[in-house]
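Letter by letter, the chains look like this.
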Amino acid sequence: MRNLLTGRHYREVAGPNYRAMQGTISVTDKGRPVVTLHPEKRHYPATQSTMTEAAIEAGLTRDLYVSLGEPVDGGAWIVRVYVKPFVDWIWGGCLVMALGGLLAATDRRYRARARERVPAYATATA
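Residues numbered from 1 in each chain as written. Predicted model: local features only at pLDDT ≥ 70, side-chain atom pairs only at ≥ 80, totals over all residues. Heavy atoms only, no water.

Caption draft 1: Here's a closer look at the pairing of strand β4 (residues 40–44). Most of β4 sits inside the fold, with four of its five residues counted as buried. Here four bridges tie strand β2 (residues 19–29) to β4, and the two strands are oriented antiparallel to one another. If you follow R19 over to β4, its bridge partner there is H43. Relative to strand β5 (residues 49–53), β4 runs antiparallel, the two sharing five bridges. Counted as the bridge partner of R42 is M51 from β5. Between β4 and the antiparallel strand that follows it, β5, lie four residues; Q48 among them carries a positive phi value of about 55°. (Buried < 20%, exposed > 50% of the residue type's maximum accessible area, 1.4 Å probe, protein only. Helix = DSSP H or I, 4+ residues; strand = E, 2+ residues; numbered from the N terminus. Pairing = 2+ DSSP bridges.)

What follows is the structure, encoded as structure tokens:
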């Protein structure tokens, strides 16, 4: 998948406790529009801190992260783009492992062995 970024649209945004520069980034794949994302670079005056708010496009086979870096000369910004394939599948793997654990815990062979050991242990200590 070849992603291209187009557009140089930035605007100032005022939040409840911050000021931000918000970018409008259009992502295309071979000339076909995929998504338009709005990452932000936020400044919080109360704590004098600056944070980056990434824009995320989640998909079944990949997640696309776009974040604003630092401003450079000429009014341009450094833009970081990350394509993370199969990130959501990690949660599917966790679900499969949990189901496997539940399936193993319901096996009657393990419960029968546990019942056989309890009387023998109880009589040996009594």
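Anyway, onward from the coordinates.
Caption draft 2: Fine view of the pattern of salt bridges. Inspection of the entire model under this criterion finds four salt bridges. The shortest N-O distance in the salt bridge between R32 and D29 comes to 3.5 Å. Judged by relative accessible area, D29 falls into the buried class, the value being 12%. Among the salt bridges present, the one from E40 reaches R42, with a minimum N-O distance of 2.7 Å. Of the two residues, E40 and R42, both sit in the buried class. Taken together, the shared-partner salt bridges in this structure form one network comprising E40, R42 and E53. (Salt bridge = Lys/Arg side-chain N within 4 Å of Asp/Glu carboxyl O.)

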